[in-house]
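# Chain and residue survey
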Amino acid sequence: MACTQQKLDELEMLKSVYPELIVEDKDDVFWCNNRNDNGSTHPILRLNVNFSSLNLSITLPSNYPELEPAEVRISWTNLSSMYQQQIMEMIRTVTENVGDCVLLELVANISDFLVDIPEQGESSETSQKIIKDPYTRMCTMLIIFTAEKKRSNMLQWSKDLSLTGFILPGKPGIIVLKAKTKNCKQFNTLVRAMNWQLLKLQHEENLLSEGCKRFDTFKEQIFEVQGKANNHQNLGQFKKHLEDKGLCDIFQNPF
């Protein structure tokens, strides 16, 4: 029963974060029962996740996530073999750790990866311009972000990579950063390698130059702490802080 509930929770979370990728009909989400030798049955969840350039057929076995890994099959539309290999390696890395709930992480990683791929028919000049944009601003949202070790690691990485911006620990957690594109990508890779309940790239924009500097350094922001567990920061104060920095447009879509 615990495994079944975990599958249900993962599915509901996936639908809430990526409602456009899953259509609620029997062809996209369905359950079947696996009968053991002792006669007991354990539900298996099968679902299709439909991107514009590929389709994922995901099976969560009866003992997933505790004893069995997720099984993933892919059908492609218009992706080069290079991108196909990268996605296959991404899937292998995410699903190899038995015991972890990986459904949301898997879909989020592939979704973010596909965003960075130039669309078919783009001119080489346009594609080259996208690749060479020297600066990037990113906003990443997390369901919960309180671990001190993760926070100290990010602060150290920000110094090594010359980032500006901030981290807002708590529930939810927020990371806003700006730097040269290659440094932003490297930081994002390091962050994604950590274990998270949910991490979503909420906003990303490529900038032709450094432009207006909203932050001089990268640091941790702390506002008035609220909630029983003292892990909810005062979002009213946070919104005012963003307005002062001219960044409130990043958070038009609530997490």
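Heads up: these notes are all about the structure in this document. (Residues numbered from 1 in each chain as written. Predicted model: local features only at pLDDT ≥ 70, side-chain atom pairs only at ≥ 80, totals over all residues. Heavy atoms only, no water.)

## Some words on the overall build of the protein
- Helix and strand counts for the protein stand at seven helices and 11 strands.
- When each of the 255 residues of the protein is scored for burial, the buried share is 44%.
- Accessible surface, the protein: about 14,300 Å² in total, of which carbon and sulfur atoms supply 49%. (Helix = DSSP H or I, 4+ residues; strand = E, 2+ residues; numbered from the N terminus. Buried < 20%, exposed > 50% of the residue type's maximum accessible area, 1.4 Å probe, protein only. Areas by Shrake-Rupley, 256 points an atom, 1.4 Å probe, with all protein chains shown as cover.)

## Some thoughts on helix H5 (residues 148–160)
- Counted at 1.5 Å a residue, the expected span for H5 with its 13 residues is 18 Å, and the 19 Å between its end C-alpha atoms agrees.
- What H5 keeps buried is the set Lys150, Arg151, Met154, Trp157 and Ser158. Buried residues of H5, seen end-on, are gathered within an arc of 125° and therefore sit on one face of the element. In H5, the exposed residues that point more than 90 degrees away from the buried face are Glu148, Lys149, Lys159 and Asp160. (Expected span 1.5 Å × (residues − 1). Arc of directions from axis to C-beta.)

## Looking at the pattern of salt bridges
- With the rule as written, the count across this model stands at six salt bridges.
- Here Asp112 makes a salt bridge to Arg192, at a shortest N to O gap of 2.1 Å. In this pair, Asp112 sits in helix H3 (residues 103–115) while Arg192 sits in helix H6 (residues 181–192), placing the two residues 80 residues apart along the sequence. When sorted by exposure, Asp112 lands in the same class as Arg192, which is buried.
- When salt bridges with common partners are traced through the structure, they connect Glu89, Arg92 and Glu96 into a single cluster. (Salt bridge = Lys/Arg side-chain N within 4 Å of Asp/Glu carboxyl O.)

## A look at unusual backbone geometry
- Look at the link from Tyr64 to Pro65: it is a cis peptide, with omega at 0°.
- Among the secondary structure elements, Pro65 is positioned in the loop between strand S3 (54–60) and strand S4 (71–76).
- Residues other than glycine seldom take positive phi values, yet Ser162 does so here, at roughly 60°.
- Ser162 sits in the exposed class, given a relative accessible area of 55%.

## Observations concerning the sheet that holds strand S6 (residues 164–168)
- Pairing within the open sheet is mixed, and its five strands lie in the order S8-S5-S7-S6-S9. This sheet does not close on itself; its edge strands, each paired only once, are strand S8 (199–207) and strand S9 (218–220). Sheet twist, expressed as the average angle between the axes of neighbouring strands with direction ignored, equals 15°.
- Of the pairings in the sheet, the one linking S6 to S9 comprises three bridges and is parallel in character. If you follow Gly165 over to S9, its bridge partner there is Phe218.
- Its contacts with the sheet place H5 against S6, strand S7 (173–180) and S9, and it is angled at close to 165° to S9. (Pairing = 2+ DSSP bridges. Axes fitted to C-alpha atoms, helices over the stretch in contact; angles between N-to-C directions. Contact = heavy atoms within 4.5 Å.)

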